[in-house]
Amino acid sequence: MEKMSHLEELEAEAIYIMREVAAECEKPVMLYSIGKDSSVMLHLALKAFYPEKPPFPFLHVDTTWKFGEMIEFRDRMAEKYGLEMLVYTNQEGVEQGINPFDHGAAYTDIMKTQALKQALDKYQFTAAFGGGRRDEEKSRAKERIFSFRNESHGWDPKNQRPEMWRLFNTQIFQGEEVRVFPLSNWTEKDIWQYIRKEEIEIPSLYFAKERPVVFRDGNIIMVDDDRMRLRPGEEVQNKKVRFRTLGCYPLTGGVESQADTLDAIIEETLGAVSSERTSRVIDNEAAGSMERRKREGYF
Amino acid sequence: MQSLLKFITCGSVDDGKSTLIGHMLYDAKLIFADQERALELDSRVGSTGGEIDYSLLLDGLMAEREQGITIDVAYRYFTTEKRSFIVADTPGHEEYTRNMAVGASFADLAVILVDVTKGVLLQTKRHTRICALMGIKSVVYAVNKMDLVDYEETTFREIEAGIRQMAAEYDFHSQFVIPVSATAGDNVTQRSEKMLWYHDKTLLEYLETVDVAVGEEDGFFYMPVQRVCRPDRTFRGFQGEIAGGEISVGQEIETLPSREKAKVKSLHVLNQSVEKAGKGRPVTVELDREVDVSRGCVLHSEGDIHLGKLFSCRLLWMDDQKLVAGKNYLLKVGTRLVPATLMNIKYKIDVNEGTHIKSERIYKNEIAVCDIACSEQIAFGEFKKNKILGGFILIDRVTHMTSACGVIRHPLRRDENVVWHEMDINRQLRGQHMNQTPKTIWLTGLSGSGKSTIVNELEKLLFAQGRYTMVLDGDNIRMGLNRDLGFREQDRIENIRRVAEVAKLMNDAGLLTLVSFISPFRRDRERAKNIVGEDHYIEIYISTPLEECEKRDVKGLYKKAREGKIPNFSGISSPYEPPADPDIVLDTTGKSLEESVTSIMEQLEKYL
């Protein structure tokens, strides 16, 4: 029998995990953040349960500051595949005018972390799929595929449940939940190669294009709409840029690039000198900042 | 197409595992620039002074960096021109052995670090044993810190001999012993110039070329069913991953445990319709007839799979609570989850010498040979032939902890004289079986105070929580068991004594016993408490005052008592002695039944 390739093995592992969750967990949900990892997750979910539709809803936590194109993409995907797409925004945060310019780390906490907790509480989900990978960051490298959260959604890294072979223990107490990461063992390179192999549609923000941007604190920030606040001396320039991760546009740094095809992106990525989270502004704050936020319930 | 090697690194504290891997990634330029920057930044603020500390690359948790040790498994991914690697860096500290086993269960090969200045340590032996237990067949011993012994060959050879002697008892397919210096980089990715006496491969070269699949056969088809896919009435497919062999359309398969035969009608690998599929593929199998198959069942064809309830196993205990025979767990094997009882501990295996030690109790990080009885028939395999259906975990039914992982040695038959652990099936075990601590909840109070009504509601609530209960009610007992007793003093004492003895028996059976008796005398209640046992006795005083009870007078008894028609009526013609120190007190005056019961339940929680 033909031997499986590295990508096929990773695919099979992710699908095994998704089927286990669908079979054993009471109320699962798939978190959908519109990025390339979410696109891969959605693609895997469509394949895993075929000819059935994925037997769980999708949840997008909308901070209201995402790139405009992301929202269009999300709605189009939901329509195309007939998905139950739940969108949740922390209304309290919106009413208080919380924004990425004035509130820094508090913005991320209120509009992302708190919003996610509120959404999980509102719908009483017992298991939530995330697209996190272990190659992204040092504390993630330590996290199990099935990662248990207490009643306040916190992670206890010193007391993780042993995960033996593929015998996942999904038992939880009332009020607890489990975060499940089917892409744990994928690398950024694997993601791109899989996207190419499977011809998975991703937002065009990943491809280099002339875009209006400003240079700020060593990052290239796109002026996605007229809510963008310019600092004194900042000038909007048109540069050919692309994004390696997608998030809230004022907090997502682009890179100058000529890569406007998948092959060109993969070539750039394979020769990459900085790992992808560098362009996510919050992660540079201090070593250990990701672990701290995860303990508090961040994905 | 590149092959993938999953390996783990393990060794004792300070052997330098993280440093070794860090060095490999660093030398091969496999770390990204910003991680490198973070590494240098961390090193400067860290305690290693000046030089880059490679272990900071892997020890990702704050507590790990503070303490300078690895607590949990870290996974790293790298690719060379020859191979893709996933490496699980596992903790060496004894306290985190279970985390090491997690890494081992995932890997095909182990790199075990040995400190050349210390030689084979207790941990080295334990880690070797755990790797073997979890099914690893290829082992590399990296004899580290050669720089500290001036790269001397004789020192290395002595340690190598010790290692080979230790590893001889296992059935590893390949073993490789290599002298290295992780901090200086000798023989890690580049041949050391200081050890010209060493002619074999460097560590990385070896990892790039070793074949870990040696001795593995394709074998027969089998697949544990993960879920049943039913998009509509016309289609019913069984989804799972092929664990062994291959399957094709038209092939006859058997279902387990229902032992029905059917032919494959259609086959999908994910969303593609195919004619056949092999090991490792995620498939959806449609059969040509209706069969009794659901999640946890197994499809196979001519497989060496056992069907039964009993087997002998070797297990690694991972829970802080000790293992005691007789306890009931949830057992997961393949995709099947069933209640199972650990019948007896045959012996403990000494992690150092491999000797068998008779033992009643197994503590965390110990290995034992045990017999397990499942509550239902399950399909399982022998681990050495069938990793997927031969490995299992035990889940604690109360804490939900993964208490143990184990491997099945062989099935057992009833007639093979399976002996239960020499133990008394006692109150504690029966209680554990029911997931509760048996107690007697004794309600005392005047006639009409609300005892019986409350007890009935209380039982419903406890029952709804999944607890096993029994109510002993004064009036009912007097009509049956105590029919021969009147209301004289010796009868009254005997009445309470019998009820207390019955309550105790019920507790021994594992039940929560609710007793609703006026029991007006303190001395009688004291006796009952002594019979039941102080630790198991909870006293609830329904303190509704006499005026209120008399006002209610549901059975018209107070009226009769006032008219002198009932002698020795508690509160009227005989005293009621309120408890001096009850566990819970409740006056039902002005309270609804719901309020009363909720109040009691809240206070009761802490005793149950």
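Since the structure is predicted, the reported quantities are computational estimates derived from the model, not experimental observations.

The rules behind these values
Residues numbered from 1 in each chain as written. Chains lettered and ligands numbered in written order. Predicted model: local features only at pLDDT ≥ 70, side-chain atom pairs only at ≥ 80, totals over all residues. Heavy atoms only, no water. Helix = DSSP H or I, 4+ residues; strand = E, 2+ residues; numbered from the N terminus. Buried < 20%, exposed > 50% of the residue type's maximum accessible area, 1.4 Å probe, protein only. Areas by Shrake-Rupley, 256 points an atom, 1.4 Å probe, with all protein chains shown as cover. Contact = heavy atoms within 4.5 Å. Arc of directions from axis to C-beta. Core = buried A, V, L, I, M, F, W, Y, C linked by side-chain atoms within 4.5 Å. Phe/Tyr/Trp six-rings, centres within 6.5 Å; stacked < 30°, edge-to-face > 60°. Lys NZ or Arg CZ within 6 Å of the ring centre and 35° of its normal. Pairing = 2+ DSSP bridges. Axes fitted to C-alpha atoms, helices over the stretch in contact; angles between N-to-C directions. Expected span 1.5 Å × (residues − 1). Disulfide = S-S within 2.5 Å. pLDDT = per-residue confidence, 0-100. Salt bridge = Lys/Arg side-chain N within 4 Å of Asp/Glu carboxyl O. Parallel < 35°, antiparallel > 145°, perpendicular 65-115°, else oblique. Left-handed = near helix turned anticlockwise from the far one by under 90°. Nonpolar A, V, L, I, M, F, W, Y, C, P; charged D, E, K, R; others polar.

1. Let's talk about the overall build of chain B
Part 1: When you go through chain B residue by residue, the secondary structure sums to 16 helices and 30 strands.
Part 2: For chain B, the proportion of its 608 residues judged to be buried stands at 57%.
Part 3: Counting only carbon and sulfur atoms, one obtains 48% of the accessible surface of chain B, whose full area is about 26500 Å².

2. A word on the overall build of chain A
Part 1: Looking only at helices and strands, chain A features eight helices and 10 strands.
Part 2: Looking at chain A as a whole, 62% of its 299 residues are labelled buried.
Part 3: Here the contacts in chain A between residues at least 6 apart in sequence split such that 74% fall between residues at least 24 apart.
Part 4: Here chain A has roughly 11600 Å² of accessible surface; of this, 46% comes from carbon and sulfur atoms.

3. Overview of helix α13 (residues 522-532) of chain B
Part 1: Within the sequence span of α13(B), burial applies to Asp524(B), Arg525(B), Ala528(B), Ile531(B) and Val532(B). The buried residues of α13(B) occupy an angular sector of 120° when projected down its axis, which confines them to one face.

4. Structural notes on the nonpolar core
Part 1: Core analysis: the biggest nonpolar cluster contains 86 residues, and Val40(A), Leu44(A), Phe58(A), Phe146(A), Trp186(A), Val285(B) and Leu299(B) have the highest contact counts within it.
Part 2: Top element by residues in this core is helix α1 (residues 6-24) of chain A. It accounts for eight residues.
Part 3: Beyond its immediate chain neighbours, meaning those up to four positions away, Leu44(A) contacts Glu11(A), Ala14(A), Ile15(A), Met18(A), Leu183(A), Trp186(A) and Tyr194(A).
Part 4: Among the nonpolar cores identified, the runner-up in size contains 81 residues, and Leu167(A), Val111(B), Tyr198(B) and Leu330(B) belong to it.

5. Some thoughts on the packing of aromatic side chains
All names here are of chain A.
Part 1: Counting across every chain of the model gives 26 aromatic pairs over all chains.
Part 2: Ring plane angle 50° and centroid distance 5.2 Å describe the contact between Phe56 and Phe129, whose orientation is recorded as tilted. Of the two residues, Phe56 is situated in the loop between α2 (36-48) and β2 (58-61) and Phe129 in strand β4 (residues 127-129); the sequence distance between them amounts to 73 residues.
Part 3: Taking the relative accessible area as the measure of exposure, Phe56 reaches 6% and is therefore buried.
Part 4: Under the relative-accessibility criterion, Phe129 is labelled buried at 0%.
Part 5: Joined through ring pairs, the aromatic side chains of Tyr32, Phe49, Phe56, Phe58 and Phe129 make up one cluster.
Part 6: Sitting over the ring of Phe125, Lys27 keeps its end group 5.1 Å from the ring centre.
Part 7: Over the aromatic face of Tyr16 sits the side chain of Arg166, whose NZ or CZ is 4.4 Å from the ring centroid.

6. As for the sheet that holds strand β9 (residues 237-243) of chain A
By definition, the strands of a sheet pair up through backbone hydrogen bonds, in either a parallel or an antiparallel sense.
Residues and elements named next belong to chain A.
Part 1: Reading around the circumference, β7-β8-β10-β9 is the order of the four strands in this closed barrel, with antiparallel pairing throughout. Along the sheet, successive strands turn relative to each other by an average axial angle of 70°, direction set aside.
Part 2: In the sheet, strand β8 (residues 219-222) pairs with strand β10 (residues 253-256) via two bridges, with the strands oriented antiparallel. From the neighbouring strand, Ile221 faces β10, where its bridge partner is Gly253.

7. A closer look at the sheet that holds strand β30 (residues 584-586) of chain B
All names here are of chain B.
Part 1: With parallel pairing, five strands are arranged side by side in an open sheet as β27-β28-β26-β29-β30. Edge strands, defined here as strands with exactly one partner in the open sheet, are β27 (469-473) and β30. If you compare each strand with its neighbour and ignore which way they point, the axes differ by 20° on average.
Part 2: Relative to β30, strand β29 (residues 537-542) runs parallel, the two being bridged by three bridges. The residue bridging Ile540 from the neighbouring strand is Ile584, located in β30.

8. Here we look at helix α10 (residues 451-464) of chain B
Residues and elements named next belong to chain B.
Part 1: The end-to-end C-alpha distance of α10, which contains 14 residues, comes to 20 Å, matching closely the 20 Å that a straight helix rising 1.5 Å per residue would cover.
Part 2: Within α10 the residues assigned to the buried category are Lys451, Ile454, Val455, Leu458 and Leu462. The arc that holds every buried residue of α10, seen down its axis, measures 100°, which confines them to one face. Residues of α10 that are exposed and point over 90 degrees away from its buried face: Lys460, Phe463 and Ala464.

9. Overview of unusual backbone geometry
Part 1: Omega for the bond connecting Tyr50(A) with Pro51(A) falls within 30 degrees of zero, at 5°, which places this linkage in the cis form.
Part 2: As for its placement among the helices and strands, Pro51(A) is situated in the loop between α2 and β2.
Part 3: Cis peptide bonds are those with omega within 30 degrees of zero, and the linkage from Leu256(B) to Pro257(B) qualifies with 5°.
Part 4: When you line up the elements, Pro257(B) lands in the loop between β11 (252-256) and β12 (261-269).
Part 5: You will see that Gln124(A), though not glycine, has its phi angle at about 55°, which is positive.
Part 6: You can call Gln124(A) exposed: its relative accessible area is 55%.
Part 7: In the Ramachandran plot, Tyr151(B) falls in the positive-phi region, its phi being about 55° despite a non-glycine side chain.
Part 8: Relative to the helices and strands, Tyr151(B) resides in the loop between β5 (138-144) and α6 (153-167).

10. Overview of the state of the cysteines
Part 1: For the coordinates displayed, the defined rule picks out zero disulfides over all chains.
Part 2: Take Cys374(B): it sits in no disulfide, and the sulfur closest to it among the cysteines is that of Cys313(B), at 9.8 Å.

11. Focus on the pairing of strand β7 (residues 209-216) of chain A
In regular strands, side chains alternate between the two faces of the sheet.
All names here are of chain A.
Part 1: Where β7 lies against β9, five bridges are found, and the strand directions are antiparallel. Within the sheet, the bridge partner assigned to Val213 lies in β9 and is Gln237.
Part 2: Hairpin connection from β7 to β8: two residues lie between these consecutive antiparallel strands, with Asp217 at a positive phi of about 50°.

12. Remarks on the confidence of the model for chain A
Part 1: Mean pLDDT over chain A works out to 85, with 89% of the residues at or above the 70 mark.
Part 2: Note that pLDDT drops below 50 for residues 273-287 of chain A; the model gives that stretch 46 contacts with residues more than four away or on any other chain.

13. Let's talk about the pattern of salt bridges
Part 1: A full pass over the atoms with the stated rule returns 61 salt bridges over all chains.
Part 2: For Lys555(B), the salt bridge goes to Asp475(B), with nearest N and O atoms at 3.1 Å. Note that Lys555(B) is positioned in the loop between α14 (546-552) and α15 (557-562) and Asp475(B) in helix α11 (residues 474-479), a separation of 80 residues in sequence.
Part 3: Judged by its relative accessible area of 53%, Lys555(B) falls in the exposed class.
Part 4: With a relative accessible area of 45%, Asp475(B) lands in the partly exposed category.
Part 5: Overlapping salt bridges, with partners in common, bring together Glu11(A), Lys47(A), Lys197(A) and Glu198(A) in one network.

14. Thoughts on the packing of helix α4 (residues 97-106) of chain B against helix α5 (residues 122-133) of chain B
Each pair of packed helices can be summarised by the angle the axes make with each other and by the distance between the axes.
Residues and elements named next belong to chain B.
Part 1: Packing of α4 against α5 leaves a shortest axis separation of 9 Å and a crossing angle of 40°. As judged from the angle between their axes, α4 and α5 are oblique. Classified by chirality, the crossing of α5 by α4 is right-handed. Between α4, through Thr97, Met100, Ala101 and Ala104, and α5, the contact on the second element is made entirely by Arg126, His127, Ile130 and Cys131.
Part 2: Within the contact of α4 with α5, the residues separate by chemical class into five nonpolar, two polar and one charged.

15. What to know about the packing of α2(A) against helix α6 (residues 188-198) of chain A
Residue and element names in this part refer to chain A.
Part 1: Put simply, α2 and α6 touch, their axes get as near as 10 Å, and they point 55° apart. Overall, the two elements α2 and α6 adopt an arrangement that is oblique. Viewed along their axes, α2 and α6 form a crossing whose handedness is left-handed. Here α2 contributes Lys36, Asp37, Val40, His43, Leu44 and Lys47 to the contact with α6, which in turn contributes Glu188, Ile191, Trp192, Tyr194, Ile195 and Glu198.
Part 2: Broken down by class, the residue content of the contact of α2 with α6 amounts to six nonpolar, one polar and five charged.

16. Let's talk about the environment of His153(A)
Part 1: Here His153(A) shows up in the loop between β5 (146-149) and β6 (177-180).
Part 2: Here the alpha-carbon distance between His153(A) and His103(A), two residues 50 residues apart in the chain, equals 23 Å.

17. Focus: the pairing of strand β26 (residues 440-444) of chain B
Residues and elements named next belong to chain B.
Part 1: Of all five residues making up β26, five are buried, and the element is well covered by its neighbours.
Part 2: A two-sided burial pattern is seen for β26, the buried positions comprising Thr440, Trp442 and Thr444 on one face and Ile441 and Leu443 on the other.
Part 3: Bridge count between β26 and strand β28 (residues 512-516): four bridges; the pairing is parallel. If you follow Thr440 over to β28, its bridge partner there is Thr513.

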